[in-house]
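Tertiary structure, described
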Amino acid sequence: MFDKSSSSVSVSSPTGSTSSVVNFPFPSFLSSTSGSSSWFYTTLAIVASLLVLEQTVYRYKKRHLPGPKWTIPIIGQFADSLSPTLENYKSQWASGALSAVSVFNIFIVIASTNDYARKIMNSPTFAEPCLVQSAKQVLLPENWRVLRIAHTLVFLSGKSHVEYRRGLNSLFTRKALGMYVAIQDLIARQHFAKWLAASAANSKPQVIMWVARDLNMETSLRVFCGNHIPDHAFKEISDKYWAITAALELVNFPLALPGTKVWKAIQARKVALKWLALAARNSKAAMAAGREPECMLDEWVRDLSDPNYKGRSEFSDHEMSMVLFSFLFASQDAMSSGLIYGFQHLADNPDILAKVREEQEKVRGGNYDKPITLEMMDQMPYLKAFVKESLRVKPPVTMVPYTALKAFPIAEDYTVPAGAMVIPSVYPSLHDEAVFPESEKLMPERWLDEKSLANQNPKNYLVFGSGPHKCIGIEYATMNIALVLANAAVLMNWEHHRTPDSDEVQMIATIFPKDGCYLKFTPRV
Ligand code: HEM
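No experiment lies behind these values; they were computed from the predicted model shown.

Considering helix α17 (residues 381–393)
- For α17, with 13 residues, the first-to-last C-alpha span of 18 Å sits near the 18 Å given by 1.5 Å per residue.
- Of the residues making up α17, those classed as buried are L383, A385, F386, V387, E389, S390, L391 and R392.

Quick word on the packing of helix α10 (residues 209–225) against helix α11 (residues 231–246)
- In contact at an axis separation of 10 Å, α10 and α11 are set at 130 degrees when each is read in the N-to-C sense. Taken together, α10 and α11 sit at an angle that is classed as oblique. Regarding α10 and α11, the two cross each other, and that crossing is right-handed. Seen from α10, the contacting residues are D214, M217, E218 and L221; seen from α11, they are F234, I237, S238 and Y241.
- Tallied by class, residues from the contact of α10 with α11 come to five nonpolar, one polar and two charged.

Remarks on the pairing of strand β9 (residues 408–411)
- For β9 and strand β10 (residues 414–416), the ladder comprises two bridges, and the chain directions are antiparallel. Opposite A411, over in β10, you have Y414 as the bridge partner.
- What sits between β9 and β10 in their antiparallel hairpin is a turn of two residues.

Describing the nonpolar core
- Grouped together as the largest cluster of nonpolar side chains are 120 residues, with contacts concentrated most on I108, L297 and V422.
- Here the element with the most residues in this core is helix α14 (residues 317–348); it accounts for 16 residues.
- Not counting chain neighbours up to four residues away, the residues in contact with V422 comprise V109, A111, I120, A127, Y402, A404, F408 and V416.

Observations concerning the sheet that holds strand β7 (residues 206–207)
- With antiparallel pairing, the three strands of this open sheet are ordered in space as β7-β15-β12. The sheet terminates laterally at β7 and β12 (492–497), the two strands that pair on one side only.
- Relative to strand β15 (residues 518–523), β7 runs antiparallel, the two sharing two bridges. Each bridged residue has a counterpart across the sheet, and for V207 the counterpart in β15 is Y518.
- Lying on the sheet, α14 is in contact with β12 and β15; it crosses β12 at an angle near 85 degrees.

Looking at the sheet that holds strand β11 (residues 421–424)
- If you trace the five strands from one edge of the open sheet to the other, you get β4-β5-β11-β8-β6, paired in mixed fashion. Strands at the two margins of the open sheet, each flanked by one partner only, are β4 (98–103) and β6 (127–129). On average, each strand axis in the sheet is tilted by 30 degrees relative to the strand beside it, whichever way the strands run.
- Here six bridges tie β4 to strand β5 (residues 106–111), and the two strands are oriented antiparallel to one another. Residue pairing for β5: L98 is matched across the bridge by A111.
- Across the face of the sheet, helix α5 (residues 114–121) comes into contact with β4, β5, β6, β8 (402–404) and β11 while running at roughly 125 degrees to β11.

A short note on the UniProt feature "transmembrane region" (unreviewed entry) in the protein chain
- Cross-referencing UniProt, the feature "transmembrane region" (unreviewed entry) maps to residues 39–58 and 93–113 in the present numbering.
- In residues 39–58, helix accounts for 100% and strand for 0%; the two terminal C-alpha atoms are 28 Å from one another.
- Helix makes up 10% of residues 93–113 and strand 57%, with an end-to-end C-alpha separation of 8 Å.

Some remarks on the site of the ligand
- Taken together, 27 residues sit near the ligand, with A330, S331, G465, C471 and G473 positioned nearest.
- Those elements that place two or more of their residues in the shell around the ligand are α14 and α20 (474–491).
- Tallied by class, residues from the shell around the ligand come to 17 nonpolar, eight polar and two charged.

Definitions and limits used
Residues numbered from 1 in each chain as written. Predicted model: local features only at pLDDT ≥ 70, side-chain atom pairs only at ≥ 80, totals over all residues. Helix = DSSP H or I, 4+ residues; strand = E, 2+ residues; numbered from the N terminus. Expected span 1.5 Å × (residues − 1). Buried ≥ 20, exposed ≤ 12 C-beta atoms within 10 Å, placed from the backbone. Axes fitted to C-alpha atoms, helices over the stretch in contact; angles between N-to-C directions. Parallel < 35°, antiparallel > 145°, perpendicular 65-115°, else oblique. Left-handed = near helix turned anticlockwise from the far one by under 90°. Contact = placed C-beta atoms within 7 Å. Nonpolar A, V, L, I, M, F, W, Y, C, P; charged D, E, K, R; others polar. Pairing = 2+ DSSP bridges. Core = buried A, V, L, I, M, F, W, Y, C linked by C-beta atoms within 7 Å. UniProt positions renumbered as here; feature names shortened; annotations may be inferred. Near = placed C-beta within 6 Å.

Structure follows, in structure tokens:
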């Protein structure tokens with residue numbers, strides 16, 4: 001009956017001759033053949049079973065949610081996640097309040113409505129932020145896994161998150177922000193001088209993507225570390241940091257092999273941590289020597305040494321460097337995106353720029369050499385409304401990946417499976433026509449009328465998230481973007497060289513104009 005040597009199925013005909021009715025080489029474990037073909041068929045059978053299992057599990061998890069009926073074996077929608085576009089996300093959001101995809105067998109539920117987005121962000125027992133898949137690798141996984149001490153606030157949850165966050169809140173008080181504003185003002189002016197010199201030396205408009213990133217990096221590092229690291233450290237961190245941005249895809253190739261994006265990002269992180277730990281050591285020495293705080297680290301070291309300080313007061317240099325690095329990680333791309341779109345929006349809307357300048361003139365009385373202070377910023381409601389609106393129209397963070405810690409009954413008819421990625425989308429809430437009529441239009445006035453739909457629906461303003469993990473740097477970030485644009489508005493003119501890609505969006509961790517934003521700067525006074 002079974003012809004062992006051929007591994008095919010044969011039957012005897014009534015005439016007694018033997019014919020092969022199914023001349024298909026069946027897996028050899030059925031015919032107990034040994035040797036290499038046996039391995040081949042065994043492997044084939046296992047792979048086939050795994051592929052069937054993969055599809056079954058995917059369809060079981062997806063249930064009735066919109067999304068591909070079948071997932072591409074092993075990689076799923078990996079190709080799409082490599083080059084994400086806002087248009088693709090928009091059609092995903094339009095496909096349903098909840099929809100599903102799978103990438104490298106990571107099952108992903110995408111939530112598009114405001115209710116679902118806030119539900120995910122405000123259900124810490126069911127879901128916690130996981131950022132993108134590579135984030136834990138880049139943010140030093142050995143600490144994360146082994147010690148469970150999260151110098152990276154975002155990965156903590158529950159009581160330990162609340163306590164840890166409380167300790168860091170003192171770094172963003174009004175008093176602390178007052179110290180930072182002076183640093184921010186100084187660095188912005190230094191960079192504008194360089195931008196103007198470069199513009200004068202070149203008749204063509206220049207892409208501001210890179211110079212704006214450098215400005216943000218130096219501002220952040222000076223605010224965090226003051227003069228506790230040398231100038232060349234800023235340059236080295238800034239140059240290497242792009243590797244970290246480039247690794248922030250929703251899902252990366254799973255192994256951090258040499259040469260991969262995640263591997264390069266890890267090398268960049270090592271460089272940054274080395275300098276930040278040095279800054280922590282120098283800051284401790286400066287504070288011990290009785291010097292006045294000049295940066296965030298100094299403020300932190302001094303707080304910790306206060307005898308009335310409640311909470312953990314000992315942090316190693318390495319731990320402090322991790323906290324600062326997580327701030328850099330959380331802010332560099334988002335701040336750059338916010339700033340670049342700020343410049344582009346002002347250039348494309350001369351009427352709004354004119355109002356920003358009018359307000360500056362009123363508050364600063366034409367004395368633009370005098371550094372901006374927090375008190376001055378308090379008198380600039382139009383500028384603040386512009387920044388808020390610019391971030392709404394082009395939110396740097398369009399969605400925030402979370403992980404379901406356990407089965408998460410998000411809707412009456414759907415439960416997100418434990419371990420799935422569940423993504424609250426920010427963009428649709430910020431472009432909801434019911435709250436922001438003509439939602440694509442930049443209208444700072446929306447925020448100036450207390451009774452406006454925008455002000456009556458703060459739940460829709462998800463630019464900085466919601467719930468226990470809501471951005472800790474909101475005041476700092478909005479103040480910095482506002483301050484840079486305020487100084488730019490009075491010190492420089494800039495012309496936007498529009499290209500077919502100016503209004504197209506490039507998604508690299510955050511969002512940027514696809515052409516990088518070509519501007520030509522000239523001095524204003
Ligand atoms: C325009 C700039 C920024 C934007 C759009 C932004 C946006 C966000 C968003 C959407 C979240 C997640 C919130 C959630 O899960 O509900 C977040 C968290 C966070 N952000 Fe920001 N951010 C910005 C700047 C900054 C800055 C300047 C810092 C620090 C200096 C910072 C530090 C953090 C931290 C530490 C978290 C995690 C908080 C936690 O888990 O408790 N961000 N941010």
